[in-house]
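Summary of the model geometry
Here are the chains, one letter per residue:
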Amino acid sequence: MLPTDSYSQQHQRSLADPAEFWRMQAARIPWYRIPDQILTTDADGLTRWYADGELNTCYAAVDYHVAHGRASQPALIYDSPVTGQVRTYTYLELRDEVAKLAGLLRGLGVEKGTTVVIYMPMVPEAVFAMLACARLGAIHSVVFGGFAPPELAVRIDDVRPHVLLSASCGIEFATVVPYKPLLDAALALATHQPAHCVVLQRPQCHAELHTHRDHDWATLLANAQPAEPVLLMATDPLYILYTSGTTGKPKGIVRDNGGHAVAMAYSMEAVYSVKPGDVFWAASDLGWAVGHSYIVYAPLIHGCTTVLFEGKPVRTPDAGTFWRIIDQYKVNVFFTAPTAFRAIRKEDSEASLRHQYDLSSLRALFVAGERCDPPTLNWLQEALNVPVVDHWWQTESGWAMVANQLGIEPMPVKAGSATKPVCGYDLQILDDDGRQLGPNQEGYVCLKLPLPPSCLPTLWNDTPRFKESYLSRFPGYYLTGDGGYVDDDGYVFIMGRVDDVINVAGHRLSTGEMEEVVGSHPAVAECAVVGIACNLRGQRPVGLVVLKDGQTIDPTQLERELITRIREHIGAVASFRNAVVVKRLPKTRSGKILRKTIRQLADGESVVIPPTIDDPAIMDEISTVLASHQIGIRFDS
Ligand code: COA
Ligand code: AMP
């Protein structure tokens, strides 16, 4: 379905006439009503795609394939080394599971526009839940299972769900993590209370269902009648997914139905070069955008077989698990985060386990979530002998913004680059004053409006924050929050965030939020949390704290308490393991903490002391303290 002209011609066409370009791509999905209006602006002046189109995303992802020759094709393969289970669902079986669960939800009063929170581990029922919501036109909001109760509570209060779907436990390596106590703790903190909590009992752990609103999943399901897909407008929201911003309040990214479905289908062919019927595996978590887009929606909309993996790249049972899955299910295209390969490489540096498996089905490996460091890229290229494609995207876009578009024109890989802007994205590098920078000049990575389909139309219930966070810094552009440059050949290099967001093992987190938690400790006068380089997780947070006058708390005790606080407020995923006491923090004369300078010091980079610093001697003090705590690049335990 793709034209045969070059990447640059197709990219150019997508920018010259976006409406025409995306009108053509709309033919990739089954509509109930084909849109006439392709690109419009709503009452808030925001971009909308396919405003008069009608569809149902669940129908496009499931029922359509059942009716068009894929009923007996595997749709979903669940492989869970942590429970020893493998289950395969054909498209027909998937349709039946989803329809029944949709019936269960309808029985609880869920209908078009109702919000549903899904707080679940990596089990097929979580996928059914997302699709069941989509079937009814209910708006799901999946919360990553590794978040602590306060994070879940904040999301519950913002989404205001009628129903909360959960399970009795998750499994981390060999540890069973009971979810119900976390859920109960979150509901005790939240102001909004859902009418119903439906809990899937897993054999590893029994959840106590103790209030009138708690229901047993299997019991309700046994009495549910299947529900049919409902008709939705393309601009109706499909889901809300929260992501970290610079403050403690996460941003509710809204994804609509029509533009998302079209972009998902387009990306499968144009970016990943995948055909219907292929096996596509994204080793991510359903709680992240990668999981939403490339475990669930894109592969299913495209008629592929998708793999749902519950485990880790290492120790479940060993560093050969990824290779075993590629071999066992004949995976054609694989997608994960570079951090997963750093974990494998740490345990199997020669990739020797890879030789126990037949990886001949694999055509390409895609990585995202953080910049793929050149040593990991080289290691992968040698180990796999297939194109290894770094590509750059965000929760906000829901799909790649910069990639080596294998389906259009594979390009030579340049280590450190995510390659070129994907069709539909007009990427520009701007300086502080909003002027476009030329080749090799580093600045703010921005996207000229309009953003292509699937990109967030707004934030949930907060259009002013959407405009303020993304559109106000450079009028006419979307601010991605990343810094970078474009080289002479048009390759894009993403150099890291320009705000307080960090990326820890592929998990996007806010250092500002961690500062709020650290700063709430009674002994702490002020603090700075910065993300420093980490050989395993890419980045990890380190806290610098200044004690209140007269405080005599033992620094080791304080560090322990702060680590516990972060685990209890944000979650273990923050990997917050160091908090060091310093006498003062480096600041500008106007009182702004010099976080970038602290980070450079901690990373052992050469630091140019900013001329605006109020007292240069502080830098020496801080380096001495950091060195005495051996903070710098190292493998985590
Ligand atoms: N539920 C509960 N706890 C969780 C969790 C979940 N869903 N996910 C992570 N955690 C916990 C871990 O158990 C760990 O706890 P600990 O500090 O008590 O040991 C902590 O959070 C840190 O987790 P993580 O950074 O993931 O470390 P890890 O040792 O468990 O695994 C990797 C390290 C690199 C193997 C793993 O992070 C990984 O596979 N990352 C890929 C991430 C990814 O796919 N991102 C999506 C973008 S594509
Ligand atoms: P998330 O919203 O969790 O997907 O995180 C998005 C952020 O992760 C981006 O803004 C980048 O900072 C970072 N990121 C994702 N993919 C890449 C990549 N391929 N190269 C560099 N940074 C990346």
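Conventions adopted
Residues numbered from 1 in each chain as written. Chains lettered and ligands numbered in written order. Predicted model: local features only at pLDDT ≥ 70, side-chain atom pairs only at ≥ 80, totals over all residues. Heavy atoms only, no water. Helix = DSSP H or I, 4+ residues; strand = E, 2+ residues; numbered from the N terminus. Contact = heavy atoms within 4.5 Å. Polar contact = N/O pair within 3.5 Å; in protein donor to acceptor, adjacent residues only side chain to side chain. Buried < 20%, exposed > 50% of the residue type's maximum accessible area, 1.4 Å probe, protein only. Domains from an automatic or database assignment. Buried area = accessible area lost by both parts, 1.4 Å probe. Salt bridge = Lys/Arg side-chain N within 4 Å of Asp/Glu carboxyl O. Nonpolar A, V, L, I, M, F, W, Y, C, P; charged D, E, K, R; others polar. Near = heavy atom within 4 Å. Areas by Shrake-Rupley, 256 points an atom, 1.4 Å probe, with all protein chains shown as cover. Pairing = 2+ DSSP bridges. Right-handed = clockwise from strand over helix to strand, strands pointing away.

Another aspect to go through is the environment of Asp 256. Of note, Asp 256 is situated in strand S15 (residues 251-256). Measuring from C-alpha to C-alpha, the distance between Asp 256 and Ser 510 comes to 25 Å, with 254 residues separating the pair along the chain. Those residues in contact with Asp 256 that lie beyond four places of it in its chain are Arg 48, Ala 234, Thr 235, Asp 236, Pro 237, Leu 238 and Pro 457. A polar atom in the side chain of Asp 256 sits 3.4 Å from the side chain of Arg 48.

Attention now moves to helix H17 (residues 595-602). Looking only at H17, the buried set comprises Thr 597, Ile 598, Gln 600 and Ala 602. Looking at the residues trailing H17, positive phi occurs at Gly 604, about 75 degrees.

Let us look at the domain arrangement of the protein. With domains assigned, the protein is organised as domain 1 (7-311 + 391-479) and domain 2 (501-628). Here the C-alpha centroids of domain 1 and domain 2 sit 33 Å apart. Every contact between the two is made by 17 residues of domain 1 and, on the other side, 15 residues of domain 2. Buried surface at the junction of domain 1 and domain 2, both sides included, amounts to about 1200 Å², of which 47% is carbon and sulfur. The largest contributions to the domain 1 side of the interface with domain 2 come from Glu 151, Ser 244 and Trp 288, which together make up 36% of the buried area. Our enumeration of links across domain 1 and domain 2 arrives at one salt bridge. The salt bridge involving Glu 396 is made with Arg 508; its shortest N-O contact spans 2.9 Å. Here the side of domain 1 that touches domain 2 is composed, by residue class, of six nonpolar, nine polar and two charged.

Another aspect to go through is the site of ligand 2. Contacts to ligand 2 come from 14 residues, most closely from His 391, Thr 395, Asp 482, Arg 497 and Arg 508. Between a nitrogen atom of ligand 2 and a main-chain N or O atom of His 391, the distance comes to 2.7 Å. For ligand 2, whose unbound accessible area comes to 490 Å², protein coverage reaches 92%. Only strand S21 (392-393) and strand S27 (492-497) provide two or more residues apiece to the shell around ligand 2.

For the rest of this paragraph, the subject is the pairing of strand S17 (residues 305-309). For S17, the tally of buried residues reaches five of five residues, placing the bulk of the element in the interior. Burial of S17 is two-sided: the residues Thr 305, Val 307 and Phe 309 facing one way and the residues Thr 306 and Leu 308 facing the other way are all buried. When strand S4 (residues 74-80) meets S17, the two strands line up parallel, connected through four bridges. Looking at the pairing, Tyr 78 lines up with Leu 308 of S17. Of the pairings in the sheet, the one linking strand S16 (residues 279-282) to S17 comprises three bridges and is parallel in character. In the strand pairing of S17, Val 279 is matched with Thr 305. Of the crossover connections in this fold, the one passing from S16 over helix H10 (residues 289-301) to the parallel S17 is right-handed.

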